[in-house]
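Observations on the three-dimensional arrangement
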Amino acid sequence: MATPETLLEPGEEEIAAGLVRRIGEGDTRAEGELVERYSRGLLYMLRRRAGDPALADDLHQETFRIVLERLRRQGIEDPARLSGFILQTARNLFLGDYRKKTRRGEGHDVEESPEPADPAPGQLTGVLRREEAARVRQVLAEMGTDRDRQILFRFYIAEEDKEAICADLGLSSLHFNRVLFRARERFKSLMTRAGPAPERPG
Amino acid sequence: MDHSYIDEQQVAERYVLGQLSQEEADLFEEHYLHCTQCLDRLEAAEGLQRGLERVAEEEVARAVVARAGVLAAVGRLLRSRQAPLAVTLLLLVALLPSGLLLWRVNDLEQAVESRPVSSTPAPSPSPATPTPPLPPAVDLRPELEAVRGELAEERRRSEELAGELSRAREPQVNVPILTLAPERSAPGQEDEPTHRVSLAASPEWIVLALEVGGPDHPFYRAVLTGPDRQPVWQASGLQADATGLITLSLPTSLLRAGDFAVRLEGMPAAASPVTVARFSFRVTP
């Protein structure tokens, strides 16, 4: 079985090193390729961390600005780990922003403490969530057995370990993986059929 | 590309649930940064999780209303600015069945009066002059008696409900308080709960005082699961008090005999929820 150390895609190192070299040589097309290749993943990571789409967008843009300037000027120590460099730049920016806000917030009373990520969802978020719930209900209705439905709730909601669920329900690891895979793929196909989702507000 | 590790270990799902170690999460982020397949998978898993959460919330809400006989919801409303709505809701719940039954009794009484039944049995029909059979609704008195019985039962239940409501509005005395310390055992290896509580015959309230361990978070989410490990109730946006306690007051109608657990999650301002503690207790009949 693969280990976490092998998570980097085999071709990624060569592609990353090539992009770093070409940007260093002044190839502006390579800059566009870099942004296209890493943009979606970077934005996903930042939105997840920040919980604020507007902040994530700002950090996303700032990360690429810093990374590109650095690659144009002096390159990086390990070009094959370009994605690691981009991520670290983004994490540092996010932490810097967070610390700045925390410092500003010192001495504030409880009422001014940060709100949870989603304290009172807006109308659009409410509609999106209802749509998601409707898709999930359809996925649940199409599942073979109550046991399969139970797997989803216990894994995603009760957050029980896979091993505990399998032992309790007398399932093989393969069956468990298959149930999760089918549910996810069905949900994905329902999402695709519904068309691209609008921007999720924070 | 080799996705076998990601598939086998549910790395994407565990990332969405915030269950990966920091090292695993960093490695996975480095991977998905350029992997469209994993990004698709992450977005689907995230949507699925949110949708399941909403479905579970709706189911829990339905179960609470059904199991608590509307009382818990009404009790909460009574303490809020929506008290008039609660009273209306209660009156509807309490009076509607009685009103319908009363209407049915009146209807039947009128029918009985307008169509008196003969005290002598009907002669048996002769083969020469066949008599048409009596319509089945001729003798309405048994039905009238049955509906009167239902009405009496409904009135008794309404009075019971009104009594429960009245008790819910009264100051509570000797409310059982269960102070729970976080479990120390590893996930999936839970010991038998040391905390026990027995249920009173009549519905009442119980206060769970959770000792919040680990790092402080601005807000918490608590999920109560029942003996079948299904969520029974949950609430977000909870804050620990100055002594580090989160207190939950719950109607005992949510509980039944068996082992219950409360999972407490910290909601960091700028990161995914993290499980900070798990508390368990046993409900005895």
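Residues numbered from 1 in each chain as written. Chains lettered and ligands numbered in written order. Predicted model: local features only at pLDDT ≥ 70, side-chain atom pairs only at ≥ 80, totals over all residues. Heavy atoms only, no water.

Okay, the packing of helix H1 (residues 12-24) of chain A against helix H3 (residues 53-73) of chain A next. The relative placement of two packed helices comes down to the angle between their axes together with the axis-to-axis distance. Residue and element names in this part refer to chain A. The interhelical angle for the contact between H1 and H3, taken along N-to-C directions, is 70°, at an axis separation of 7 Å. With respect to their mutual orientation, H1 and H3 come out roughly perpendicular. Handedness of the H1/H3 crossing: right-handed. Mapping the contact onto sequence places Val20, Ile23 and Gly24 in H1 and Leu68, Leu71 and Arg72 in H3. In the contact of H1 with H3, the residues fall into four nonpolar, one polar and one charged. (Axes fitted to C-alpha atoms, helices over the stretch in contact; angles between N-to-C directions. Helix = DSSP H or I, 4+ residues; strand = E, 2+ residues; numbered from the N terminus. Parallel < 35°, antiparallel > 145°, perpendicular 65-115°, else oblique. Left-handed = near helix turned anticlockwise from the far one by under 90°. Contact = heavy atoms within 4.5 Å. Nonpolar A, V, L, I, M, F, W, Y, C, P; charged D, E, K, R; others polar.)

Below, the discussion takes up a positive patch on the surface. A cluster of basic residues, Arg99, Lys100, Arg103 and Arg104 of chain A, forms a positive patch on the protein surface. Within the secondary structure, arginine 99 of chain A sits in helix H4 (residues 82-104). (Patch = residues over 30% accessible without salt bridge, like charges linked within 9 Å, V, L, I, M, F, W, Y side chains within 5 Å. Areas by Shrake-Rupley, 256 points an atom, 1.4 Å probe, with all protein chains shown as cover. Salt bridge = Lys/Arg side-chain N within 4 Å of Asp/Glu carboxyl O. Lys, Arg positive; Asp, Glu negative; His and termini not counted. Charge placed at Lys NZ, Arg CZ, Asp CG, Glu CD.)

Residues and elements named next belong to chain A. Checked against the element boundaries, serine 39 lands in helix H2 (residues 28-50). Reaching out from serine 39, the side chain makes a polar contact with the side chain of histidine 60 at a distance of 3.0 Å. Each residue touching serine 39, except ones within four places of it in the same chain, is listed here: His60 and Phe64. (Polar contact = N/O pair within 3.5 Å; in protein donor to acceptor, adjacent residues only side chain to side chain.)

All chains considered together, the criterion is met by eight aromatic pairs over all chains. Aromatic rings pair up to connect Tyr44 of chain A together with Tyr15, Phe28 and Tyr32 of chain B into one cluster. Above the ring of tyrosine 15 of chain B, the side-chain terminus of arginine 48 of chain A is found at 4.9 Å from the ring centroid. (Phe/Tyr/Trp six-rings, centres within 6.5 Å; stacked < 30°, edge-to-face > 60°. Lys NZ or Arg CZ within 6 Å of the ring centre and 35° of its normal.)

This is a description of form; function is not addressed.
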